[in-house]
Amino acid sequence: MFLTVFSHLQGVHVFDRSSTSTATTARRPHLLRSVTAGLAAALAIPALVLAAPANAATGTVKVKTQKMTDSTLKSTQKGWYNVGDKLTLVCSKRGQSVQGYFSPYLPNGGWNNLWYRTSDGHYVADVDIETGTNNAVAPDCAQVDKPAPANNNPAPAPTTGAGLRVPLDNVAQGRGFGGSGHNGIDYPTRVGTPVYAAADGTVDFEGYGVNNSWMREAAGICVLLKHPDNYTGYAHLSRTVVDKGQSVKKGQLIGYTGSTGNSTGPHLHFEVLPLKPDFKNGYAGRVDPAKHFG
Ligand SMILES: [Zn+2]
């Protein structure tokens, strides 16, 4: 299965899509009930200030619940999370107040406005998942998505070399290619650090990796660029600023670092693929980026 293609899985929080439970027949699927704006305001629960966990937060779906594109039932539904699904919770967001089935102990009859963005890029209401607490267990999405201040954004390095450009400025390399199947180079850095195209090319894919056969959900929000000689991949971003099919120049801003997907902390995972990858090479087709810099 392709999930293993992106083989630098640092965490253990892999979606278990095979766990769709038969409980949906034994237990009537619960449609989250929405509440009017007025009532939502009356029931609004103050956001709790919690430190971001060192490791990715997780939750287990307790009752079949909507997979939404934002923290409201008014956004687009993209299917369901099923009983037993283990979700990696990237960040939390206050949204529409809804009443959950799995929340008998919640105040206000189970109504709550806490939602989570999962590593597949969709939103799930806290009231239908078990996290062990009613408090937010993942950092606020606004903080996760926030770019670094402009004065911390150094200008791109000169881009005259024939090889690939290191995709970040003034960030030391962390974990390298190889060993335990790590298929790229990691650059630990704060969320919101600018990420630059390693070479001229076109945007082959951008967005949540779950929607791409090469990057997959472990990559979180990612960009895949196609160059004349290879592809470059940029994973665990907080957001991208390019569109599929767009031409980019070496050194052009393509997105910002984050910690989406299977990531234990903010970093860029950078990888290089030949135009025709050998997916059985032990590194999911990836090759050592360090051999292509210059
Ligand atoms: Zn990595």
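Please refer to the structure placed before this passage.
Residues numbered from 1 in each chain as written. Predicted model: local features only at pLDDT ≥ 70, side-chain atom pairs only at ≥ 80, totals over all residues.

A.B. asks: Explain the overall build of the protein residue by residue, including any values.
C.D. replies: In terms of helices and strands, the protein carries three helices and 16 strands. Burial analysis of the protein (294 residues in total) assigns 46% to the buried set. Pairs at least 24 apart in sequence give 67% of the contacts found in the protein among residues at least 6 apart. (Helix = DSSP H or I, 4+ residues; strand = E, 2+ residues; numbered from the N terminus. Buried ≥ 20, exposed ≤ 12 C-beta atoms within 10 Å, placed from the backbone. Contact = placed C-beta atoms within 7 Å.)

A.B. asks: Quick rundown of the environment of glycine 178? Include the residues and the values.
C.D. replies: Looking at where glycine 178 falls in the secondary structure, it is placed in the loop between α3 (141-145) and β9 (185-188). A tally of 12 C-beta atoms within 10 Å means that glycine 178 is categorised as exposed. C-alpha separation for the pair glycine 178 and aspartate 288, spaced 110 residues apart in sequence, amounts to 7.7 Å.

A.B. asks: Account for the pairing of strand β5 (residues 86-99), naming residues and giving values.
C.D. replies: Burial analysis of β5 places twelve of its 14 residues in the buried class, which makes it a mostly covered element. Bridge count between β5 and strand β6 (residues 111-118): seven bridges; the pairing is antiparallel. The residue bridging serine 92 from the neighbouring strand is tyrosine 116, located in β6. (Pairing = 2+ DSSP bridges.)

A.B. asks: I'd like a rundown of the nonpolar core, residues and numbers included.
C.D. replies: Residues Val195, Cys222, Leu224 and Tyr234 are the most contacted members of the largest nonpolar core, which totals 33 residues. For this core, the secondary-structure elements that each account for two or more residues are β9, β10 (194-196), β11 (201-208), β12 (221-226), β13 (230-240), β15 (253-257) and β16 (267-274). Not counting the four nearest positions on each side in its chain, cysteine 222 is found in contact with Gly209, Met215, Gly233, Tyr234, Ala235 and Leu237. The next biggest cluster of nonpolar side chains, apart from the first, holds 26 residues, and it includes Val90, Cys91, Trp115 and Val127. (Core = buried A, V, L, I, M, F, W, Y, C linked by C-beta atoms within 7 Å.)

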